[in-house]
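# Structure at a glance
What follows is the residue order along each chain.
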Amino acid sequence: MPVSLLWAVDVYGRVFSLSTGGQQWEHCCDAVLEFKRLTAVQQCCWGIACDHHIYLNVHASDVPIRYQEEAYENQRWNPVDNFSDRLLPSDRWQWSDITGLEHKPLDGFLLPSTNWEWEGDWYIDENFGGEPTEKGGWTYAIDFPATYTIDKKWNSCVRRRRWIRYRRYKATDTWAKIPSEGQSGPLPDPFNDISCGGWEISEEPRGRLSLWAVSLQGKVWFRGGIHHHTPEGMSWEEVSLPGEVVQISCGPGDLVWAVLWEGQLIVREGITRDCPQGSSWVVVDSPNPEVGTIHVAVGVSVVWAVTKDNKVWFRRGINSHNPCGSGWIGMVGEMVMISVGLNDQVRSGSREDRAVYFRQGVTSTELSGKAWKAVSVPRDGDIRPNSSTSTSSLHSAGCFFSGEVRAQSVMSEDSDTEADPQRAVHEVGASVSSPPSVHLSNDPEAPKPRIPKVTSDSFISEMLSDRETKRDGAAATSIPEEEVTPGDAEAKSPPPALVLSPSQSGGPGDPQWSTVDLEEAQTHLAVGPAAGRGDSSDTCSLSSVVTCMLGLEGLYGPDDHPLWAWVSGGGCAVDCHTQLNWFNSVTALTSSIQAMSLSVSPAQTAAWRKQIFEQLNERSKREIDNFKHYEQAIEQSVWVKKGTMQWWRDWKPHKWVDVRFALEQFSGPEGHKDGIVFLYYNFNEEKKYLHAFINEVTILVPVLNDSKHTFAIYTAERTKQRWPIKLAAATEMEMHDWLALLSVSCCDSRGIQGPPSKQAIWSITCKGDIFVSEPWPSLEACPYPTPCDQMFWRQVGGHLRLVECNSVGVVWGLGYDHTAWVYTGGYGGGFFQGLASSTDNIFTQTDVKSVYIYENQRWNPVTGYTSRGLPTDRYMWSDATGLHECTKASTKPPSPHWTWVTEWAVDYGVSGGTDREGWQYAADFPTSYHGYKTLKDFVRRRRWARKCKLTTTGPWQEVPPIPLSDVTILPCGDQSVVEQIPLWAISNKGDVLCRLGVTLLTPAGTSWLHVGTDQPFKSISIGGASQVWAIARDGSAFYRGSVSTQNPAGDCWYHIPSPARQKLKQVSVGRTSVYTVDENGTEMFPRYYSFARLSVYVFNVALSVQVWIIADKVQGSHSLSCGTVCHRLGVQPMEPKGQAWDYGIGGGWDHITVRGNNIEAPRVRMPSLTDALRPPSTLAARPLPAGNTENGNAVQC
């Protein structure tokens, strides 16, 4: 899960954030402002400062926030001036928008606020519908408005061209002030509360936010127009109320609750896509009528409330159809406020100690959770590993020098001036005490906190003698908060304080000690108004005795937890499986002890390793080598594992049959292992069996089935037939046990162990399973290559949608939720355990995908559109094809491994567009659909979506934080030496990115570099000589110029004309050729000669001119296969079209990459007539050229 932040404000108005992967509060560096309220989402944080103005902090990202401004220049032809700016009175404006109704001169575009800046000047867009225009960018038509073309004709009377300019949001990672202006001018009063949400409203566009605010007079304001391209929003709009509001809360969905001054609650109803601010309020009584409510917090389907007596209440029965719920349930604990975040996880602020608490046990089935647990992590600056001046550090120092640390009373200011300076020396304890805790208190009768004193007998006398010699000098003063280097100590005279120096035997590795002043034995900790103002002259933590170099600017003691005033977890993504480090943090004491511990030198480590290695060698010789002359007791072993399963019968009628399944494995005298799989069944009361040799099995693959735990066994012969041995186990665990056992047996019989090689071929099934195959040089051998149906595939743990690799060993993958993952070098994971999986480099991996069903309706003259169709129509609830019935109740996740995480909702992101209710219209089923209704549209449909989640393990680590839709890595040859491996990607929004810092040691890289484009892209590929090609979403092709090691992002994009009337979908670049596939599934190479008429899902090109695709509708001897791996034979640099297709494993495959395979095929030189006249010795002396060569010349990547 991506790292997210929990935000909080302490009682002094300082803002802190806590990462889900961190162990300390990070202070927001903008110390000019003091805040009182925060509301956070994943991409930004809103806050109300003490001046009652709203500020916005947008998190910085490698992808900048850019907005494209556009204007159209229109011209009309006349016989005198040709095309000119002189338009007819009935024409559109000379400078207008795309409709021509709005006047948009170039000098009329202004920046929305000072937080924006222009990226450059206006320029002409010379791309039209995926095709390049003439130099001026003009498109022609008969009249306004009409259909425009790039060709000028004899009847072209008008023309237009588009001007583009980008503006960039620059106020990231800082607090930007939001103007308090409504539609009619400045707002009458400042704000007092704020809440942000609404990004999961089913009808809302992706990235849209809703911001609600409460003014000091109890009015509620709504800020609209907040989305990715305009993070500040547009303007404030007042919302009518039944009373005065004191606090408001907005959830991720359509839940909005508020608290009235009288203690009642109100709920907003009617929140939709067209009306995100809702339509009306409904009053809900307080949980305790005698004690009103003071705070409310809402999530996706939960509502929490706090009453005036600080009791916590949970509202049951909350959902989108019933936002008011059904009743209140009292919870344990006393809190002052509550915040509900993603996945309905709850955080709160305690009334007693002002600490932040996390609600444990919150799941989708138990939304109220189980117990509160305090978040006990320090702030940044509380733990200083290189400093020994905190309380806990000196506590450790006393232990290290056999000294003692004890607490001392803190006196008042009057008594402090009269304190005896020698008191710190005379009070020597007898034992080591634990670090004291310092508490802020305004009660004058409360006991004063105690301050630890360093009273070690081993060095106290030395400090006393040193003090006697220097007492006649200046008065003792506290030491400035800065470290004293050894050079400074020699250059300057020591100050009138005592230095704890290392012992005489200590070396450079000994801990460094800071200056300690024993003159000021008594210090005080200021509280009250002075502390609130942050007056450093009246507030010091333990003064110069123990904290002279702590460097903290805070107002707390070093061992005192901060007092929190507000917490916001709206952007903090935590689920029930997330392991947080918020509760077992390393304290300052532990950190100081670890910092002072003696480290082992590298020389000692090397000597120990050498000694252990010699001892292991001696043991091996003693226990093994001395007994080699003995014969083995057992030369061959056989073992059998049996079980019961169901088998999908080969002949008609096909059905599941109960069978007995057995694996017989045997090992030979030299350790070679092999085995046989037996399947026993009954046919016509006769016992029969099927068998398959383990060394002939090419793949074991789980099958996508929503009702049975199914897997398939393929051999080379069954791959040709497209008919595997399909088996179903009784339970998921039993299926995983058999798959792991059979996979290990297949790998043992072929001598394959450990992780995949750098040359491996990677592939992904439609189920998301990952498979690898070790390539053979004979795959590309001419004229007799090895058929690819004989390739052996083994599974690697994890779940991906796309994978990309190169021969250096860098492998990246993308999940269905667009999350990027990098390969860690391990193997196994998932259901592979024990010897079948590596012990390290295995991590938890999650993935989220959407399941779609369609609601279909037909129009009739009486009732209009209805769910009653014709007898020949498709099901009224179906899949995309309409051949299978899929209702909300009957549709299940793709497999038992997936679990639902959302409810069914209308999907508005369908290709072709939708109306306001999500419907698409057409003349009949099936045909092309559009998002508007015409007189000829007699049918309509709309798509419903529901998300499900999968949690597994594998050798993959997440690469946050940008979701990606495509990725490509430079394929390198064997002789290539690349320090920085070029890696390009496309975000899910279409932005082009270049990854920096990708090496073999750091395959995840360091940061993203944004590459500007004029339109969103969908496919990208980098090939030999750093050639970068890309496909835009409109189907046009682009080439990135001047990409090199010194200039990894290149200079500019060149528009490459596409073939006539073709829209491209994907591109893959090799060493000398560029291959593309169009939207109809026809592959092409640069000259755009069509050479494949297969329905192509995806294809991949290796550096050594290998072309592999995933094709649909491949005919086998038994059945038709969808999603089949195909290999193009005979592809050469001078013959890029190749000769024929070789069909491999399938169906059910979605992706393949061979860009890591740079193994050159063995070259077979055919004998010629002149060779017969030459002696054999001459022929033997002519070896074939080796290495990466092409036409006799060495080629690098």
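Along every chain, residues carry numbers that run from 1 in the direction the sequence is written. Only residues with pLDDT of at least 70 are given local features in this predicted model, and only at 80 or more are side-chain atom pairs given and counted; all residues enter the totals for whole chains, interfaces and linings. By convention in this description, side-chain values take in all heavy atoms of the structure and omit both hydrogens and water.

- Going by the annotation in an unreviewed UniProt entry, the name recorded for the chain is Tectonin beta-propeller repeat-containing protein 1, with Esox lucius given as the source organism.
- UniProt positions are given in the numbering used here, feature names are shortened, and annotations may be inferred rather than shown by experiment. Regarding the chain, the relevant UniProt record gives this comment under Sequence similarities (unreviewed entry): "Belongs to the TECPR1 family."

## Thoughts on the overall build of the chain
- Per the convention used, a helix needs a DSSP run of H or I reaching at least four residues, while a strand needs a run of E reaching at least two, with both numbered from the N terminus. Counting its secondary structure elements, the chain contains 13 helices and 79 strands.
- A simple rule labels every residue: compare its accessible area, found with a 1.4 Å probe on the protein chains alone, to the largest value its type can have, and call it buried under 20%, exposed over 50%, or partly exposed in between. Taking all 1197 residues of the chain together, 51% fall into the buried category.
- Residue contacts follow a heavy-atom distance rule, with two residues in contact if any of their heavy atoms lie within 4.5 Å. Considering only intrachain contacts with a sequence separation of at least 6, the fraction spanning at least 24 residues in the chain is 58%.
- A total of about 57800 Å² of accessible surface is found on the chain, and carbon and sulfur atoms cover 52% of it. Per-residue accessibility takes into account occlusion by the displayed protein chains alone, with areas from the Shrake-Rupley method and a 1.4 Å probe.

## Regarding the nonpolar core
- The definition of a nonpolar core used throughout is a set of buried Ala, Val, Leu, Ile, Met, Phe, Trp, Tyr and Cys residues joined through side-chain atoms within 4.5 Å. Ranked by internal contacts, the top residues of the largest apolar core, which has 29 residues, are Trp25, Leu38, Trp175, Val375 and Trp582.
- Broken down by secondary-structure element, the contributors of at least two residues to this core are strand E1 (5-10), strand E2 (15-19), strand E4 (35-40), strand E5 (44-49), strand E32 (356-360) and strand E38 (564-568).
- Among the elements that take part in this core, E1 stands out by supplying four residues, more than any other.
- Counting residues in hydrophobic clusters, the runner-up holds 28 residues, among them Val659, Ile713, Ala729 and Phe832.

## Remarks on the pairing of strand E31 (residues 346-350)
- Most of E31 is tucked away: five of the five residues are buried.
- Residues Val346, Ser348 and Ser350 point to one face of E31 and Arg347 and Gly349 to the other, with burial holding for every one of them.
- As judged from the five bridges shared by strand E30 (residues 327-340) and E31, these two strands associate in the antiparallel manner. In the sheet register, Ile338 faces E31, and the bridge partner there is Ser348.
- The hairpin formed by E30 and E31 contains five residues between the paired strands, and Asn343 there has a positive phi angle of roughly 60°. A pair of strands counts as paired when DSSP detects no fewer than two bridges linking them.

## Thoughts on the sheet that holds E5
- The four strands lie next to each other as E4-E5-E6-E16, forming an open sheet whose pairing is antiparallel. Looking at the sheet topology across the chains shown, the edges are occupied by E4 and strand E16 (176-177).
- Taken together, the five bridges between E5 and strand E6 (residues 54-58) define a ladder with antiparallel strand orientation. Of the residues in E6, the one forming a bridge with Cys45 is Asn57.

## Focus on the UniProt feature "domain: Peroxin/Ferlin" (unreviewed entry) in the chain
- According to UniProt, the feature "domain: Peroxin/Ferlin" (unreviewed entry) maps to residues 64-125, 137-170, 846-907 and 918-951 in the numbering used here.
- The span residues 137-170 is 0% helical and 44% strand by assignment, and the distance between its end C-alpha atoms comes to 31 Å.

## With respect to helix H11 (residues 732-750)
- For H11, with 19 residues, the first-to-last C-alpha span of 27 Å sits near the 27 Å given by 1.5 Å per residue.
- For H11, the set of buried residues is Met735, His736, Trp738, Leu739, Ala740, Leu742, Ser743, Ser745, Cys746, Cys747 and Ser749.
- Gly751 lies just past H11 and shows a positive phi near 70°. An expected span of 1.5 Å times one less than the residue number is assigned to each helix.

## Some details on unusual backbone geometry
- Each neighbour pair has its own omega, and for Lys652 with Pro653 the value is -5°, a cis peptide bond.
- Secondary-structure assignment places Pro653 in the loop between strand E39 (637-648) and strand E40 (656-667).
- Residue Phe925 is joined to Pro926 through a cis peptide bond whose omega torsion reads -25°.
- Tracing the sequence through the fold places Pro926 in the loop between strand E57 (920-922) and strand E58 (939-954).
- With a phi angle near 65°, Ser1042 is a residue other than glycine that sits in the positive phi range.
- Mapped onto the elements of the fold, Ser1042 is located in the loop between strand E66 (1037-1040) and strand E67 (1053-1056).

## Brief notes about the sheet that holds E67
- The strand order across the open sheet built from four strands is E64-E65-E66-E67, with neighbouring strands paired in antiparallel fashion. Of all strands in the sheet, those bounded by a partner on one side alone are strand E64 (1017-1022) and E67. The sheet shows a mean angle of 25° between the axes of neighbouring strands, taken without regard to direction.
- Across four bridges, the pairing between strand E65 (residues 1028-1032) and E66 is antiparallel. Within E66, the residue paired with Ile1031 across the bridge is Ala1037. The axes are straight lines fitted to the C-alpha atoms, using for helices just the contacting stretch, and the angles between their N-to-C directions are given from 0 to 180°.

## So, the environment of Pro1059
- As for its position among the elements, Pro1059 is in the loop between E67 and strand E68 (1064-1069).
- The exposure class assigned to Pro1059 is buried, which follows from its relative accessible area of 14%.
- Sequence separation of Pro1059 and Asp1078 is 19 residues, and the distance between their C-alpha atoms is 9.6 Å.

## A few points about the packing of aromatic side chains
- Ring pairs shown here join Phe, Tyr and Trp side chains whose ring centres sit within 6.5 Å, with only the six-membered ring taken for Trp; geometry is labelled stacked below 30 degrees between planes, edge-to-face above 60, and tilted in between. Considering all chains together, one arrives at 39 aromatic pairs under this definition.
- Here the aromatic rings of Trp212 and Trp281 are separated by 6.4 Å at their centres, their planes lie at 75°, and the arrangement is edge-to-face. Here the residue Trp212 occupies a position in strand E20 (residues 209-215), and Trp281 occupies one in strand E26 (residues 280-284), the gap between them amounting to 69 residues.
- Their ring planes at 35° and their centres at 6.5 Å tell us that Tyr1039 and Tyr1054 sit as a pair that is tilted. In this pair, Tyr1039 is assigned in strand E66 and Tyr1054 in strand E67, connecting sequence segments 15 residues apart.

## What to know about the side chain of Ser743
- Considering the arrangement of structural elements, one finds Ser743 in helix H11.
- Residue class for Ser743 comes out buried when judged on its relative accessible area of 12%.

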